[in-house]
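Take a look at the letters that make up each chain.
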Amino acid sequence: MLGFSLYLNRVLTADDYNYLIAMRNAGFSTVYTTIEIDNLEAELLTSRLKEVAKWCQNLDLDLVATVSEASLAKISVAISDVGKVQSLNLAGIFLNGPVKPEIVAKLSKSLPVALRAESLTDDQLVQLKEYNAAVDHLSAWYNYYEYPDTGLDENWFSAKNRWLKEHGLTITAFAPGDGQLTGPVMAGRPSLEKHRGEHPLAAMLELRQLGCEQIFIADQGLKANTITSFANYLKKNAITLQVMQELKPLFDNDWHSQAGVARDVVRLAEKGQFTTAPQEVIAERPKGSITCANEEYFALAGEVQITKRDLPADKGVNVLGQIAPSDCALLPFIDSQAAVIFIPAAKEE
């Protein structure tokens, strides 16, 4: 399951509604928000939450939210009043802060409840079972980390995920956005520090590899080409790469990776689109270089490749262009016989 964020700390506009439509059309299914907003009056918070809930209902999107005992009380909802919590029209809640296990168990019998993955312990799970919690409605969510250098370590994350899986819990984490970053520091909101500033799709794919079933884009905004990249992956199982140069044969033809995955390059199956005459200048091949084997390599001539790491100059290889730097993080996720779509790089690249 893949979701994105819409926050309630500002006036909602038609642009926000259109963003929901664009993300839904790209293949996203869930909207994340939070009611943990200290400086927003209760009436405004309530009205904005109702408005987003209505939008999601109209667009067939699920809405989930971070809540706490205090933030629910602010909008006149007692956390122990399951009916009142359900009346918020949320498809699930992520509990922030301590909540008595008997209340968590009570809530879990009526709606999905996410527990803080970082701090979840054996004792907590034992207590929840003692109160007959609906285990199939419990899951583990990691937080996002908006301040640089505070995100989680990958090795610790992997170990914690193994423990969570052993206890039968599904796992949710956050990937950063790359468009309108969310304040106050505008540094992205990843769960893993290594994903700060990384391509959101690459972050999402790695989180999946690390055991996360649900991933949310934590920042409220993706670039147009990134939304296209998600749409192509979710609907066509294709990796989209932005190209810095005008290479029409790449844009105008279908491309697929070859069977088997090479260590150093992505090898494309289709040939015959570029000249195989050797170039006069033999150029180095930094990571993300688009190349074509020339006649010096005989049977390999005409094969288009993309370098996954920096490689030296080679007289048998012509350098054609370069993948946008942000998209290089996607190269390790191009699997055997996968579709690859090339598009012109956005101007800001």
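Here, every reference points to the structure presented above.
Residues numbered from 1 in each chain as written. Predicted model: local features only at pLDDT ≥ 70, side-chain atom pairs only at ≥ 80, totals over all residues. Heavy atoms only, no water.

K.L.:
Before we move on, can you summarise the overall build of the chain with the specific residues and values?
P.N.:
Helix and strand counts for the chain come out as 10 helices and 15 strands. When the 349 residues of the chain are sorted by exposure, 52% land in the buried category. The contacts in the chain between residues at least 6 apart in sequence include a share of 75% that link residues at least 24 apart. Split by element, the accessible area of the chain, about 16000 Å² in all, is 50% carbon and sulfur. Charge separation in the chain, taken as the distance between the mean sites of 32 positive and 44 negative side-chain charges, equals 3 Å. (Helix = DSSP H or I, 4+ residues; strand = E, 2+ residues; numbered from the N terminus. Buried < 20%, exposed > 50% of the residue type's maximum accessible area, 1.4 Å probe, protein only. Contact = heavy atoms within 4.5 Å. Areas by Shrake-Rupley, 256 points an atom, 1.4 Å probe, with all protein chains shown as cover. Lys, Arg positive; Asp, Glu negative; His and termini not counted. Charge placed at Lys NZ, Arg CZ, Asp CG, Glu CD.)

K.L.:
Mind laying out the pattern of salt bridges, listing which residues take part and the relevant values?
P.N.:
This model, assessed by the stated rule, comprises 11 salt bridges. Arg116 serves as the salt-bridge partner of Glu118, at 2.7 Å between the closest nitrogen and oxygen. Under the relative-accessibility criterion, Glu118 is labelled buried at 16%. A salt bridge links Glu213 to Lys165; its shortest N-O distance comes to 2.0 Å. Note that Glu213 is positioned in the loop between helix H8 (200-209) and strand S8 (214-217) and Lys165 in helix H7 (residues 154-166), a separation of 48 residues in sequence. Under the relative-accessibility criterion, Glu213 is labelled partly exposed at 35%. Through salt bridges that share partners, Glu154, Lys194 and Glu206 make up one connected network. (Salt bridge = Lys/Arg side-chain N within 4 Å of Asp/Glu carboxyl O.)

K.L.:
I'd love a proper account of the side chain of Glu303, names of residues and values included.
P.N.:
Looking at the element boundaries, Glu303 is found in the loop between strand S12 (289-293) and strand S13 (304-307). A distance of 2.8 Å separates the side chain of Glu303 from the side chain of Gln258, its partner in a polar contact. At 2.8 Å, the side chain of Glu303 and the side chain of Gln305 are in polar contact. Sequence-distant contacts of Glu303, defined by excluding residues within four places in its chain, comprise Gln258, Arg267, Leu268, Lys271, Thr291, Cys292 and Ala293. (Polar contact = N/O pair within 3.5 Å; in protein donor to acceptor, adjacent residues only side chain to side chain.)

K.L.:
Give me the lowdown on helix H1 (residues 14-26), citing residues and values where you can.
P.N.:
With 13 residues, H1 should reach 18 Å at 1.5 Å per residue; the first-to-last C-alpha distance of 18 Å fits that figure. Check the buried side of H1 and you find it contacts strand S1 (2-5), strand S2 (30-34), helix H2 (42-59) and helix H9 (224-236). Phi for Gly27, located one or two positions after H1, is positive at around 120 degrees. (Expected span 1.5 Å × (residues − 1).)

K.L.:
Describe the packing of H1 against H2, and please don't skip the residues or the numbers.
P.N.:
Remark: H1 packs on H2, axes separated minimally by 11 Å, with the N-to-C direction vectors making an angle of 35 degrees. In this structure, H1 crosses over H2, and the sense of that crossing is right-handed. Mapping the contact onto sequence places Asp16, Tyr17, Leu20, Ile21 and Arg24 in H1 and Trp55, Cys56, Asn58 and Leu59 in H2. (Axes fitted to C-alpha atoms, helices over the stretch in contact; angles between N-to-C directions. Left-handed = near helix turned anticlockwise from the far one by under 90°.)

K.L.:
Can you tell me about helix H5 (residues 101-108), naming the residues and giving the values?
P.N.:
An α-helix turns once every 3.6 residues. As a result, residues three or four positions apart point the same way. Counting buried positions along H5 gives six out of eight residues, so the element sits mostly inside the fold. Those residues of H5 lying buried are Pro101, Ile103, Val104, Ala105, Leu107 and Ser108. Residues of H5 that are buried sit in contact with helix H4 (82-86), strand S4 (92-95), strand S5 (113-116), helix H6 (122-130) and strand S6 (138-141).

K.L.:
An account of the pairing of S12 is needed here, citing residue identities and associated values.
P.N.:
Every other side chain in a regular strand lies on the same face of the sheet, so the side chains alternate between the two faces. Along S12, five of the five residues are buried, which leaves the element largely enclosed by surrounding structure. Residue alternation in S12 divides its side chains into two sets, Ser289, Thr291 and Ala293 and Ile290 and Cys292, and both sets are buried. In this sheet, strand S14 (residues 317-322) lies alongside S12 in antiparallel orientation, the contact comprising five bridges. What sits directly across from Ile290, in S14, is Gly321. Inspection of the sheet shows S12 paired to S13 by three bridges, in the antiparallel sense. Counted as the bridge partner of Cys292 is Val304 from S13. (Pairing = 2+ DSSP bridges.)

K.L.:
I'd like a description of the nonpolar core, backed by residues and values.
P.N.:
Counting residues in hydrophobic clusters, the biggest one holds 99 residues, and the most contacted among them are Leu241 and Phe342. With seven residues, the single largest contributor to this core is H2. Not counting residues within four places of it along the chain, the set of residues in contact with Phe342 comprises Leu241, Val243, Leu250, Phe251, Trp255, Leu268, Ile306 and Ile323. If you look at the next biggest cluster of nonpolar residues, it comprises 10 residues, including Tyr32, Val64, Ala114 and Phe216. (Core = buried A, V, L, I, M, F, W, Y, C linked by side-chain atoms within 4.5 Å.)

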